[in-house]
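Breakdown of the fold
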Amino acid sequence: MSNTHADTVLFVRDTMLPQEEPPSSTVGPVGWAKTNLFSGWANTLLTILSILFVAFLLQRLLPWFIAPTWHADSLSECREIFVGIARHHEGACWGVIRDRWQQLMFGFYPSELYWRPILALLLLLVALGPVLFAHLVPSRVMIFSVIYPFILPWLLWGGTVWVSVVTLAGFAVGYGVYKLALRAVPDGFAVIIAAFGTIIWWLYLTGPIANGLASVLPLALEPVASRQFGGFMLSVTIGVVAIACSLPIGIVLALGRRSDLPLVKWLCVGFIEFIRGVPLITLLFVASVLLNIFLPPGTNFDIILRVMIMTTLFASAYMAEVIRGGLAALPKGQYEGADSLGLDYWQAQRLIIMPQALKISIPGIVSTFIGVFKDTTLVSIIGLLDPLGLATAIRADTDWNGIYWELFLFIGVVFFLFCFSMSRYSMYLERKLQTGHR
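Within an unreviewed UniProt entry, the label attached to the protein reads Inner membrane amino-acid ABC transporter permease protein YhdY, and the organism entered is Pseudooceanicola algae. Reading the Sequence similarities (unreviewed entry) entry of the UniProt record for the protein gives the comment "Belongs to the binding-protein-dependent transport system permease family. HisMQ subfamily."

As structure tokens, this is what we get:
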């Protein structure tokens, strides 16, 4: 009897077949395009229309962008270049960027002192290291992050270093007042007394003490007036100060608005609602014109410092609402869990409540930061020369009268780089903290 059927049906492979590559149409760029761009007739139609639209834009814009005008010294010279190469349409006159980029970056800051804002920017990156990348930077660098806000004004404005040192000493004075007051009054009142003590130190004692120390040991840099500040240096300075100060103030305001103490609650509510109801331009005019009225006679309050205060208060009100949303999103069990552990109010906020609320609020916090940084361009309305104000001044020059798009494109690209960096860091932080996991 033939054994053919048994040999063919009962065959079992005893060796593995070699692994084969997947079809080329399902992997790589071709596979991605097939899945995402040409997955159906509607998707294919939209893709083709989008490609045609992008090609149309590039066909119209690229000839304008690609122009041999980098070394031109005026708009008329740019036009002569276009006539010389027999170009039928004009392109960008990039010579204005090469000629005025230092002014756009530093304003009218003395050129021999450019090293000071550059050093301040580099030190800022060092100070942000332990804050933004705590797992990469040693924690000891945090000490430098704490004292950096007092180094920044000394580098930018110059003058004696003792002003920054005595201002920093105000926190030690406030702590000493707090410890003394704690012996006689409850904790909350001791904090208020310490705050008043610190403010009095800064307003009335910092100047005389710093001048006395400077007469004994003169350590000073060449002073630079605020009217010489401008460009992106001014925008970054105002933006960094407002961003750094608005977050802690916003946290305090958010906690105050949710406080059980009626006086604290209504003070915070009144502040937040008033600031949110007033345009930032109005606050900047107040900083420029009216704020000096409420200060002691003879007080010389720097205009940039006044703008920083108003911008910080404006950002703090919005920040408080963002953080209040994070606090409201926490389930009640988190508060009850903190109480069950026997934690007091501040321990519960520091260890349990606030870390979760800030984690939830990251997108809103970063959006507020980006908005504050872009709002720094409004200072041109009160006479400060931010990049937009400088662009207007440059266009008033006869050499560059008629230049528009080149300056605004350059300013827009620099602002985009700053804001996009903050946005990408926000996304990195959300992934790191796994904000989607509750």
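This next bit is on the nonpolar core. Tyr109, Phe229 and Leu327 are the most contacted members of the largest nonpolar core, which has 54 residues in total. Every element with two or more residues in this core is listed here: helix H6 (115–132), helix H7 (142–157), helix H10 (231–257), helix H11 (262–276), helix H12 (280–290), helix H13 (303–329), helix H15 (345–360) and helix H16 (362–375). Broken down by element, the residue count for this core peaks at 10 residues, all from H13. Setting aside chain neighbours within four positions, we find Leu327 in contact with Ala254, Leu255, Arg258, Tyr335, Gln349, Ile353, Met354 and Ala357.

To continue, consider helix H3 (residues 41–65). Across its 25 residues, H3 extends 35 Å between first and last C-alpha, which sits within 8% of the 36 Å expected from 1.5 Å per residue. Approximately 25° is the largest bend angle found in H3, and it occurs at Gln59, with the proline Pro63 only one to four residues beyond.

Once that is clear, we can look at the side chain of Thr376. Relative to the helices and strands, Thr376 is located in the loop between H16 and helix H17 (387–395). If sequence neighbours within four positions are ignored, Thr376 has contacts with Ser235, Ile238, Gly239, Asp386 and Phe415.

Let's shift gears to the state of the cysteines. According to the stated counting rule, one finds one disulfide in the structure shown. Bridging Cys78 to Cys93, the disulfide has an S-S length of 1.8 Å. Here Cys78 and Cys93 share a disulfide; its torsion about the S-S bond, 65°, makes the bridge right-handed. Here Cys78, found in helix H4 (residues 75–84), pairs with Cys93, found in the loop between H4 and helix H5 (95–106); they are 15 residues apart in sequence, far enough to count as distant. For Cys78, a relative accessible area of 1% translates into the label buried. Cys93 sits in the buried class, given a relative accessible area of 2%. For the unlinked cysteine Cys245, the closest cysteine sulfur is that of Cys268, found at 17 Å. Relative accessible area serves as the criterion here: at 33%, Cys245 is assigned to the partly exposed category.

What counts, and where the lines are drawn
Residues numbered from 1 in each chain as written. Predicted model: local features only at pLDDT ≥ 70, side-chain atom pairs only at ≥ 80, totals over all residues. Heavy atoms only, no water. UniProt positions renumbered as here; feature names shortened; annotations may be inferred. Core = buried A, V, L, I, M, F, W, Y, C linked by side-chain atoms within 4.5 Å. Buried < 20%, exposed > 50% of the residue type's maximum accessible area, 1.4 Å probe, protein only. Helix = DSSP H or I, 4+ residues; strand = E, 2+ residues; numbered from the N terminus. Contact = heavy atoms within 4.5 Å. Expected span 1.5 Å × (residues − 1). Bend = angle between axes of the 7 residues up to and from the residue. Disulfide = S-S within 2.5 Å.

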